[in-house]
Amino acid sequence: MSNPNTPDGNHEFERKDVLFGAQLVVGDDNIDCEVVNISFGGAQVHASRTMKAGAKITLEIDPFGVFSMEVRWCKKPDVELKFNEDSTKVAELVMATATYA
């Protein structure tokens, strides 16, 4: 069984490769990032800052919205995020990115 806090490449949901500019809000800091893939469970981003597993953050993807997330693991520049959102809101995001990309 895979450990959700390690970058082992195993995911519960199929990932869709994307490339969107976004921002992570960590406390009072806004950090530019790139969303590199997304699924119904979460997203992987490239960011210039290391983040602690379990940290609660916000992902802002213009024009798709603002999403509550949790850091699953971080191995700079890769940050694996888990959605802490209503499944309907996440499904709308995944479908919109599939249409947009």
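What you see as residue numbers is a count from 1 along each chain, following the sequence as written. Local features are withheld for residues below a pLDDT of 70 in this predicted model, meaning they are given only at 70 or higher, and side-chain atom pairs are given and counted only at 80 or more; totals for whole chains, interfaces and linings count all residues. Hydrogens and waters are ignored; side-chain quantities use all the structure's heavy atoms.

Regarding the overall build of the protein
Phase 1 of the analysis: In terms of regular secondary structure, the protein is built from one helix and six strands.
Phase 2 of the analysis: Every helix listed is a DSSP run of H or I at least four residues long, and every strand listed is a run of E at least two residues long, numbered separately from the N terminus. Starting at the N terminus and walking to the C terminus, you meet the elements of the protein as β-β-β-β-β-β-α.
Phase 3 of the analysis: Here's how the labels work: a residue is buried when its accessible area is under 20% of the maximum for its type, exposed when over 50%, partly exposed in between, all with a 1.4 Å probe on protein chains only. Looking at the protein as a whole, 37% of its 101 residues qualify as buried.
Phase 4 of the analysis: We call two residues in contact when some of their heavy atoms are within 4.5 Å. Looking at the protein alone, contacts between residues at least 24 apart form 47% of all its contacts between residues at least 6 apart.
Phase 5 of the analysis: For the area figures, the Shrake-Rupley method with a 1.4 Å probe applies, and any residue is considered shielded solely by the protein chains shown. As displayed, the protein has an accessible area near 5900 Å², and 48% of this comes from carbon and sulfur atoms.

With respect to helix α1 (residues 87–100)
Two residues of an α-helix separated by three or four positions point the same way, owing to the 3.6 residues in each turn.
Phase 1 of the analysis: With 14 residues, α1 should reach 20 Å at 1.5 Å per residue; the first-to-last C-alpha distance of 20 Å fits that figure.
Phase 2 of the analysis: Those residues of α1 that sit buried are V90, L93, V94 and T97. Viewed along the axis of α1, the buried residues span an arc of 95°, placing them on a single side of the element. Along α1, exposed side chains directed more than 90 degrees from the buried face belong to E92, M95 and T99.
Phase 3 of the analysis: The inward-facing, buried residues of α1 contact β1 (16–26), β2 (29–38), β4 (56–61), β5 (65–75) and β6 (78–83). Multiplying 1.5 Å by the residue count of a helix minus one yields the expected span of that helix. This arc is built from the directions going out from the helix axis to the C-beta atoms.

Looking at the nonpolar core
Phase 1 of the analysis: Of all hydrophobic cores here, the largest spans 26 residues; its most connected members are L24, V35, L59, I61 and L81.
Phase 2 of the analysis: Sorting the residues of this core by element identifies β1, β2, β3 (42–47), β4, β5, β6 and α1 as the ones contributing at least two each.
Phase 3 of the analysis: No other element matches β1, which puts five residues into this core.
Phase 4 of the analysis: Beyond its immediate chain neighbours, meaning those up to four positions away, V35 contacts V18, L19, F20, A22, A43, Q44, V45, L59 and I61. Put simply, buried Ala, Val, Leu, Ile, Met, Phe, Trp, Tyr and Cys residues joined by side-chain atoms within 4.5 Å make one nonpolar core.

Function-wise, these values are silent; they only describe arrangement.
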